[in-house]
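For reference, the chains in residue letters:
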Amino acid sequence: MKTLSRIYVALMVFFLYAPVAVMVFFSFNSGESVWVFEGFSGSWYLSAFTNTEMLDALRRTLIVAILSATISTVLGTAAAVGILAFKKKITKNAVMSVTNIPIMNADIVTGVSLMLFFVFIGKIIGAYESLGFTTVLIAHITFNLPYVILSVMPRLKATDSSLQEAALDLGCTPVKAFFKVIVPSIKTSIFTGFIMAFTLSLDDFVISYFTCGHYQTLPILIYNMTKKTVTPDVYALSTLIFISVFVLLILYNIAGSKSDKKRGVA
Amino acid sequence: MNKKGFGSRIVASPYILWAALFVIVPLIFVAYFAFTTPDGAFTLSNIAQIAKYKKAFFQSVLYSLIATIITLLISYPMAYFMTKMKVTAQKMIMVIVMLPMWMNFLIRTYSWISILANKGIINTFLSRLGIGPLKLINTPGAVILGMVYDFIPYMILPIYTVMSKIDDSLIEAASDLGANSFNRLKKVIIPLSFPGVISGITMVFVPCVSTFYISQKLGGNKNLLIGDAIEYLFNSGPDFYNVASALSLVLMIMILVCLFVMNYFTDSEEATIL
């Protein structure tokens, strides 16, 4: 039984990583193909670094990811606080149902609905081009918000409200009490929400595809590149991104275990 | 002051305004476009034109169902075996399962072309053995494989999470009362992991049924899905927005019905457990 389960898990890991291995392997191909291997070479990494189109797309992706993650973290944390203060259960449930829509709905429907809306607004204000940086940013904030709210809310709910009352009794203003007492106790989940929003935004293709216009982010550039014959430079760039995310995740896990330890001591 | 409130309701208003403007209003736009002509007059012809896409609808649902079932069948043992490991090993396998998800979805799908192409890795290997080449790419099987691969972590994780919370004493009690390993699985583990299975099914089925990249890359142009039809129509210019909206509306309703049915299942199942 034990060997059987080990073999099974090993097979699954093989299945999950076969395409990743293929990507890394062919990024070192000296030829132009991503399935006929000619020899080892690092030249595609060099050409990925000198490809201004790719670097531009990477820069745009990072701008959108940082901005949308930051804005949705601020708006979403405020929303979680406000929603918990709702007294009527009906309003609370209604707001939470709407919050769940972008998570539950198909990405393509979310993308299409935003595009129709943006095109309409663009026509009204007579914009030359209705889709671009602003619309893709709005779209990303929109699909990031629910994840931030759902990450912050449970932690906020579990926070002891007497702490804040004590701060108020000791003369803090409500705003000051919030930042001095509540924020420190929920900062891990705010950070988790931010990281989640950041990575979702970084990786999003479908919603960006319908809302970005000519503001080409990296997934959109990759999409356009895979329409033609793909050369290994796409694989080289993807390998680099994969490694960066890997490092980021490890750092995040180290930070997480450190804060766990701190909590354990306290 | 409300016990659970840390502040005023007012701070939620920017978000509520945002959600109303960018979640609700755009969905109303989809519904509006679905029932109007490009000039804005009411019509049912967009809805009637959906009949033209019945093959795409049928294929989407069929492929997604097959992909969801396969995903469930291979994920369930995986989740089960994971819970049997040491805690540190469990954490490590979790990270290993999640990690491919951080690779770009398009590249993850495209890599399969390298593996399945007529001159790809599998066929190169087979030709050395004197077999083939087999037609692997541009088949329904390749589309289903792509769906299974891209969304399998969404199935493993919820099942694993629910399963790892099952109280060991319940399983011990079952074996003390004479249940063999098959009966323990059938009477204790499977019913208690049911909520995880349901959430896994919805998390895999929804992206499968609405996908448009997997089918274009791995299915050639014979296995087009509903997502492909929507994408194609929206790219064909404003005159086609209305029919495309009708298709999106139907897709959305289909997904809502599916979620509703799934929710109903979990609720009633939990009630019987209690």
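Residues numbered from 1 in each chain as written. Chains lettered and ligands numbered in written order. Predicted model: local features only at pLDDT ≥ 70, side-chain atom pairs only at ≥ 80, totals over all residues. Heavy atoms only, no water.

A. Quick look at the pattern of salt bridges. Overall, the coordinates contain 2 salt bridges over all chains when judged by the stated rule. Salt-bridge contacts for A:Arg59 lead to A:Asp56; the nearest nitrogen and oxygen are separated by 3.4 Å. Residue A:Arg59 and its partner A:Asp56 are both found in helix α3 (residues 52-84); the two are separated by 3 residues, about one turn of the helix. For B:Arg108, the salt bridge goes to B:Asp150, with nearest N and O atoms at 3.8 Å. Remark: B:Asp150 occurs in helix α7 (residues 140-164) and B:Arg108 occurs in helix α5 (residues 105-116); sequence separation between them is 42 residues. For B:Asp150, a relative accessible area of 1% corresponds to the buried category. (Salt bridge = Lys/Arg side-chain N within 4 Å of Asp/Glu carboxyl O. Helix = DSSP H or I, 4+ residues; strand = E, 2+ residues; numbered from the N terminus. Buried < 20%, exposed > 50% of the residue type's maximum accessible area, 1.4 Å probe, protein only.)

B. Summary view of the domain arrangement of chain A. Residues and elements named next belong to chain A. Looking at the assigned domains, one finds that chain A contains domain 1 (63-157 + 193-225) and domain 2 (231-266). When domain 1 packs against domain 2, the two sides together hide about 520 Å² of surface, and 90% of this comes from carbon and sulfur. Three residues, Ile195, Leu218 and Met225, lead the burial of domain 1 against domain 2; their summed loss comes to 56% of the area buried on that side. Connecting domain 1 to domain 2 are 0 salt bridges. Our count for the domain 1 to domain 2 interface comes out at 0 residue pairs in polar contact (both at pLDDT 80 or more). A total of 3 residues in the side of domain 1 that touches domain 2 trace back to one element, the largest contributor, which is helix α10 (residues 218-227). Residues belonging to the side of domain 1 that touches domain 2 are distributed by class as follows: 4 nonpolar, no polar and no charged. (Domains from an automatic or database assignment. Buried area = accessible area lost by both parts, 1.4 Å probe. Polar contact = N/O pair within 3.5 Å; in protein donor to acceptor, adjacent residues only side chain to side chain. Nonpolar A, V, L, I, M, F, W, Y, C, P; charged D, E, K, R; others polar.)

C. Representation of α10(A) within the structure. Counting buried residues along α10(A), 8 of its 10 residues qualify, which places the element largely inside the surrounding structure. Turning to α10(A), its buried residues number three or more, namely A:Leu218, A:Pro219, A:Ile220, A:Leu221, A:Ile222, A:Tyr223, A:Met225 and A:Thr226.

D. Main features of the state of the cysteines. Residues and elements named next belong to chain B. Evaluated as defined, the whole model comprises 0 disulfides over all chains. Of all cysteine sulfurs in the structure, the one in cysteine 258 sits closest to cysteine 208, which takes part in no disulfide; the separation is 11 Å. Among the residues examined, cysteine 208 registers a relative accessible area of 0% and is labelled buried. (Disulfide = S-S within 2.5 Å.)

E. Focus on unusual backbone geometry. Located in the positive-phi region is B:Asn138, a residue other than glycine, with phi close to 60°. Position of B:Asn138 among the secondary structure elements: in the loop between α6 (121-128) and α7.

F. Structural view of a negative patch on the surface. Judged by side-chain charge, B:Asp167, B:Asp168, B:Glu172 and B:Asp176 come together as a negatively charged surface patch. In this structure, B:Glu172 sits in helix α8 (residues 168-176). (Patch = residues over 30% accessible without salt bridge, like charges linked within 9 Å, V, L, I, M, F, W, Y side chains within 5 Å. Areas by Shrake-Rupley, 256 points an atom, 1.4 Å probe, with all protein chains shown as cover. Lys, Arg positive; Asp, Glu negative; His and termini not counted. Charge placed at Lys NZ, Arg CZ, Asp CG, Glu CD.)

G. Quick look at the packing of aromatic side chains. A complete count under the given rule lists 37 aromatic pairs over all chains for this structure. Ring geometry for A:Tyr209 versus A:Phe210: centroids 5.2 Å apart, planes at 85°, classification edge-to-face. Residue class for A:Tyr209 comes out buried when judged on its relative accessible area of 16%. Aromatic side chains B:Phe29 and B:Phe33 sit 6.4 Å apart centroid to centroid with 25° between the ring planes, which places their arrangement in the stacked category. You can see B:Phe29 and its partner B:Phe33 sitting in helix α1 (residues 13-34), 4 residues apart, about one turn around the helix. (Phe/Tyr/Trp six-rings, centres within 6.5 Å; stacked < 30°, edge-to-face > 60°.)

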